[in-house]
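These are the residues of each chain, in order.
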Amino acid sequence: MLLASVKRLRSMGIIGMNQRNFGLVSRYNPRHLYPLVDDKLKTKHLAQQAGITVPQLLGTLHYQHDVKQLKDILSAYQQFVIKPVKGSGGKGILVITEQDHNLYYKPSGDAVKLSHIERHVSNILSGLYSLGGKPDSVMIESLIQIDPAFSDYSYEGIPDLRVIVLRGYPIMAMLRLATHASDGRANLHQGAVGVGIDIGTGEALHAVQHGNPVYFHPDTRKSFSNLTVPHWDKLLKLAAACYEMTDLGYLGVDIVLDRDQGPMIIELNARPGLSIQVANFAGLAPRVALVEALDHVDPNPRSRVEFSQKNFAALRNLIRPRRRTMKSTIAMAFN
């Protein structure tokens, strides 16, 4: 039974953790470049230097005694997002959508006091959410305004797009949709929905929540069958350009669509996870092999995107039912 499952996974081109770590991360990402993407402040500055739009930085805090400055910093803004600079997986992110009469309101409508936010910031500074548990810094950013195209596809949060980029070529994409279960966060491990997106067109291919196929958003009941990501070509070019920006050959590029400013880079990841294969119901291996077979990397991001859209376009563009037994075999690759 196990051998049959392994055979099936290989036939689908599924990449496992060992293959990712040694065949992609170690091979294409020099360790000395990790700080460029593990530190979100450095990433933001890099993107700005490259002319890439990012959310506005409203303030930073670096030491515990800086916490007393928080009230003054926040007083100028009705909406904001507090993040650990070296966090991962959406942990430690606090979103405030309104403040009124000394109360701060989360997307769920729950109100918290300033003391709650100060305690949260203190926890970030102490390293509660940072990679390796080391002392961290806090960044406060402007709140992204959801693009109307996604208003029925997300609940209490902003969707984000993860694009896997190999040697500058976008090879697979997934839209992550916030849900009530994920507490408004676009994090699959916390219950967000992952939607596989066709590299060729930006259309939805397949969707999962907690590893199970879903065909509509669990909270809004909106079907995914007509979901198409707007500004698709521009999104892919942004993702492809991150190769020159970082010199990292294997990247996860996270992008959001702002109602007023369009696509923005919010985060880069040098060790992107593999659940994108589950969302797409397809493996990365054939696409990796095609890019690795190229004699050279085209220096033009636009040309690389055209290559990807030509070679990695899906043969179908509608979500279709999946056999539950198939889901379980794919999930084995990530355990």
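Let me begin by describing the structure that accompanies this report. (Residues numbered from 1 in each chain as written. Predicted model: local features only at pLDDT ≥ 70, side-chain atom pairs only at ≥ 80, totals over all residues. Heavy atoms only, no water.)

### With respect to the overall build of the protein
Phase 1 of the analysis: Helix and strand counts for the protein come out as 11 helices and 14 strands.
Phase 2 of the analysis: In terms of overall dimensions, the protein is globule-like: its C-alpha atoms have a radius of gyration of 20 Å, near the 20 Å expected for 335 residues.
Phase 3 of the analysis: Projecting the C-alpha coordinates of the protein onto the three principal axes gives extents of approximately 60 × 45 × 40 Å.
Phase 4 of the analysis: Within the span of the protein, comprising 335 residues, buried residues form 50% of the whole.
Phase 5 of the analysis: Look at the contacts in the protein between residues 6 or more apart in sequence, and 65% of them connect residues 24 or more apart.
Phase 6 of the analysis: Accessible area of the protein: about 15,500 Å², with a carbon and sulfur share of 51%. (Helix = DSSP H or I, 4+ residues; strand = E, 2+ residues; numbered from the N terminus. Rg over C-alpha atoms; globule rule 2.2 N^0.38 Å. Buried < 20%, exposed > 50% of the residue type's maximum accessible area, 1.4 Å probe, protein only. Contact = heavy atoms within 4.5 Å. Areas by Shrake-Rupley, 256 points an atom, 1.4 Å probe, with all protein chains shown as cover.)

### So, the pairing of strand β11 (residues 204-209)
Phase 1 of the analysis: Burial within β11 is extensive, with 6 of its 6 residues counted as buried.
Phase 2 of the analysis: In this sheet, β11 lies alongside strand β10 (residues 193-197) in antiparallel orientation, the contact comprising 5 bridges. Within β11, the residue paired with glycine 196 across the bridge is histidine 206.
Phase 3 of the analysis: Linking two consecutive strands that pair antiparallel, namely β10 and β11, is a turn of 6 residues; a positive phi of about 85 degrees is found at glycine 202 within it.
Phase 4 of the analysis: Sheet analysis places β11 next to strand β12 (residues 212-213), joined by 2 bridges and oriented antiparallel. Within β12, the position partnered with valine 208 by the bridge is proline 213. (Pairing = 2+ DSSP bridges.)

### Examining the sheet that holds strand β1 (residues 57-61)
Phase 1 of the analysis: Judged by pairing direction, the sheet is antiparallel, and its 4 strands sit side by side in the order β1-β7-β2-β3 without closing on themselves. Single-partner strands in this sheet number two, and they are β1 and β3 (94-96). Within the sheet, the average angular offset between the axes of one strand and its neighbour, ignoring direction, is 15 degrees.
Phase 2 of the analysis: Strand direction decides the pairing type here: β1 and strand β7 (residues 138-141), joined by 4 bridges, are antiparallel. (Axes fitted to C-alpha atoms, helices over the stretch in contact; angles between N-to-C directions.)

### Here's the deal with the pattern of salt bridges
Phase 1 of the analysis: One pass over the full model with this rule turns up 10 salt bridges.
Phase 2 of the analysis: Among the ionic pairs, glutamate 141 bridges to lysine 44, the shortest N-O distance being 2.6 Å. With glutamate 141 in strand β7 and lysine 44 in helix α4 (residues 40-49), this residue pair connects regions lying 97 residues apart in the sequence.
Phase 3 of the analysis: Of the residues examined, lysine 44 reaches a relative accessible area of 4% and is grouped as buried.
Phase 4 of the analysis: One network of salt bridges, in which partners are shared, links Asp160, Arg162, Arg176 and Asp254. (Salt bridge = Lys/Arg side-chain N within 4 Å of Asp/Glu carboxyl O.)

### So, the packing of aromatic side chains
Phase 1 of the analysis: For the structure shown, the criterion picks out 4 aromatic pairs.
Phase 2 of the analysis: Relative to phenylalanine 312, the ring of phenylalanine 307 has its centre 6.2 Å away and its plane inclined at 85 degrees; by these criteria the two rings are edge-to-face.
Phase 3 of the analysis: Looking at arginine 271, its charged tip hangs above the ring of tyrosine 34, at a distance of 4.7 Å from the centre. (Phe/Tyr/Trp six-rings, centres within 6.5 Å; stacked < 30°, edge-to-face > 60°. Lys NZ or Arg CZ within 6 Å of the ring centre and 35° of its normal.)

### A word on the sheet that holds strand β9 (residues 169-177)
Phase 1 of the analysis: Within the open sheet, the 7 strands sit side by side as β12-β11-β10-β9-β8-β13-β14. Their pairing is antiparallel. Two strands bound the open sheet, and with one partner strand each, they are β12 and β14 (262-269).
Phase 2 of the analysis: Strand direction decides the pairing type here: strand β8 (residues 160-166) and β9, joined by 7 bridges, are antiparallel. Paired with leucine 161 across the strands is leucine 175, a residue of β9.
Phase 3 of the analysis: On top of the sheet, helix α9 (residues 285-292) reaches β8 and β9; it is set at about 150 degrees to β9, its chief contact.

### Here we look at the environment of aspartate 258
Phase 1 of the analysis: Topologically, aspartate 258 is positioned in strand β13 (residues 250-258).
Phase 2 of the analysis: For the pair aspartate 258 and tyrosine 63, spaced 195 residues apart in sequence, the C-alpha separation works out to 31 Å.
Phase 3 of the analysis: In contact with aspartate 258, other than residues within four places in its own chain, are Ile144, Gln145, Asp147 and Met264.
Phase 4 of the analysis: Polar contacts involving the side chain of aspartate 258 include one to the main-chain amide nitrogen of aspartate 260, which spans 2.8 Å. (Polar contact = N/O pair within 3.5 Å; in protein donor to acceptor, adjacent residues only side chain to side chain.)

### Thoughts on the environment of leucine 236
Phase 1 of the analysis: Secondary-structure assignment places leucine 236 in helix α7 (residues 232-246).
Phase 2 of the analysis: Along the backbone, leucine 236 and glycine 200 are 36 residues apart, and their C-alpha atoms lie at a distance of 10.0 Å.
Phase 3 of the analysis: Filtering out sequence-adjacent residues up to four positions away, leucine 236 remains in contact with Val163, Pro170, Ile199, Val305 and Gln309.

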